[in-house]
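Notes for the structure review
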Amino acid sequence: MTAVKQEAARGSQVQRGGSSGNLYDILELILDKGLVIDVFVRVSLVGIELLTIDARIVVASVDTYLRFAEACNRLDLTRASNATTLPGLLGDVTEKGTKGKTKGALTGAAETFAEQFTNASKRDGDEDVADEDEAGNGERTAAPRKARSRRPARSSS
Amino acid sequence: MSTSTFLYGIVSGSHPKKLTGIRGVGRTPGPLRTVAADDLAVVVSDAPSDIRPKRRDVAAHHAALEALCEQGPTLPMRFGVLAGGDDEIAREVAAERDRFGDLLTRIAGRTEMNVKATHDEPAVLRMVLHEDATLLAMNDELRDRSGGDHDSRVRFGEQVAAAVAERERHDSGAIVAALEPFAVEYAEGPALAGTFLNCSFLVERENVEKFRAAAKDIGRVAEGYLDLRTRGPLPPYSFAGVHTGSG
């Protein structure tokens, strides 16, 4: 995880493409996406494709479970801020609109995120909230929004 | 491998196709050239016999496409597509002229922005423990027993992993919902280790800065809990093939 986070930190610095700099962070797009024409052959990617496939295998192993268990045991859960880490903070965001952490945010994206995030958190403890199509089957259309929320700027056509 | 041709991308006839100065793949790259296919053109170069997915060649492929995309709509090929020769390319691309023409229309004036998100592990673990009293109690109990026995730890860790996966699904949904208004459509990318969201958005070029600002806003509000990395403008790799979720 440490390595991943270092990579992440490095990636956040890079805004613009640029072939030399940080190819690593988009390698899977160049190798797994893009147009393929069936009748043409493709260079063998032995060794490289394994990098991305491994990601899916690692997720559900006993080693991962043990690692999670140990990491949880090590957590300092007594710190006052812990209990409110995000549901609390983001809850404030939605309550107070542009105050708090979204102060200065211009796009409305932070509010939408906070709202979705908070809804998800609440739903975990409330089976009655019917919002089935909200999380993740790739075909979402418009994000469900609370009436009091600021709408994000609609900039697409 | 005998002589063959390496494909970079497909462009329309009206694309400027300024190829001088663009470096191709290979140790001693040959010049890029175009092969006409109906009213489209395919940007190619001779393929070196030792073509491999090396950093140098992947970078050259990507850089060539970036240069072509700057000039006009370009359908990026996946890295490493090889054809027998120019005649074969002209024939096969012309045969699917309408499909490629539609794809070029779809990406015209637009670009790909890729967003990856990673949780801070301690933060997400705290989150799932605080969200579920049962997990929190199990954690306390195992800690009191100095970690507990192997089976208990595996069982506990499995439940934590499931809760984290659920959290990843929710958070992915929240990020996509927040960014989607700034994009035309989006496509999920391949799963990557340590990254719970890998999603590419097709964005109008004039909205790139807004999209970037939106991603930055989310990154700021969730700072310490997740890390959001935005890359782009990129050649529209994720929108050069199968149509996926639209926004």
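Residues numbered from 1 in each chain as written. Chains lettered and ligands numbered in written order. Predicted model: local features only at pLDDT ≥ 70, side-chain atom pairs only at ≥ 80, totals over all residues. Heavy atoms only, no water.

1. Some points on the pattern of salt bridges
Residues and elements named next belong to chain B. Applicable threshold: Here, a salt bridge means any Lys or Arg side-chain nitrogen found within 4 Å of an Asp or Glu carboxyl oxygen. Where helices and strands are cited, they refer to DSSP runs of H or I of at least four residues and of E of at least two residues respectively, numbered from the N terminus.
For the coordinates displayed, the defined rule picks out 20 salt bridges over all chains. For Arg-97, the salt bridge identified is with Asp-98, shortest N-O distance 3.6 Å. Across the pair Arg-167 and Asp-171 runs a salt bridge, and its minimum N-O distance is 3.0 Å. Taken together, the positions of Arg-167 and Asp-171, both in helix α6 (residues 150-179) and four residues apart, correspond to about one turn of that helix. When salt bridges that share partners are traced, they join Arg-33, Asp-46 and Asp-86 into one network.

2. Focus on the pairing of strand β9 (residues 226-234) of chain B
All names here are of chain B. The condition that has to hold: Remark: exposure states derive from per-residue accessible area (1.4 Å probe, protein chains only) relative to the maximum for the residue type, with buried under 20%, exposed over 50%, and partly exposed in between. Two strands are counted as paired when DSSP detects at least two bridges linking them.
Of all nine residues in β9, eight are buried; the element is thus mostly enclosed. In this structure, strand β6 (residues 110-119) lies alongside β9, joined through seven bridges in antiparallel fashion. Across the sheet, Ala-117 pairs through a bridge with Leu-228, a residue of β9.

3. Regarding the sheet that holds strand β7 (residues 185-188) of chain B
Residue and element names in this part refer to chain B. Note the cut-off: Angular values range over 0 to 180 degrees, each being the angle between N-to-C directions of two axes fitted as lines to C-alpha atoms, with helices fitted over their stretch in contact. The contact criterion used throughout is that any non-hydrogen atoms of two residues lie within 4.5 Å.
The sheet built from four strands is open, its strands ordered β7-β8-β6-β9 with antiparallel pairing. A strand with exactly one partner marks an edge of an open sheet, and here the two such strands are β7 and β9. Here the strands of the sheet are splayed against their neighbours by 20 degrees on average, with no regard to which way each runs. Where β6 lies against strand β8 (residues 197-204), eight bridges are found, and the strand directions are antiparallel. By the bridge assignment for β8, Asn-114 is matched with Ser-200. Helix-sheet contacts for α6 involve β6, β7, β8 and β9, and the interaxial angle to β8 is about 10 degrees.

4. Here we look at the confidence of the model for chain A
Residues and elements named next belong to chain A. The line we're drawing: For every residue, the predictor reports its confidence as pLDDT, a number between 0 and 100.
For chain A, per-residue confidence averages 59 on the pLDDT scale, and 34% of positions sit at 70 or higher. The secondary structure element of chain A with the lowest average pLDDT is helix α1 (residues 2-13), at 37, and the one with the highest is helix α4 (residues 62-74), at 93. Low confidence marks residues 80-85, where pLDDT is under 50. Its contacts with residues over four positions away, or in another chain, come to six contacts.

5. A look at the environment of Ala162(B)
Residues and elements named next belong to chain B. With respect to the helices and strands, the residue Ala-162 is situated in helix α6. Owing to a relative accessible area of 47%, Ala-162 belongs among the partly exposed residues under this scheme. Between the C-alpha atoms of Ala-162 and Pro-73, which are 89 residues apart in sequence, the distance is 42 Å.

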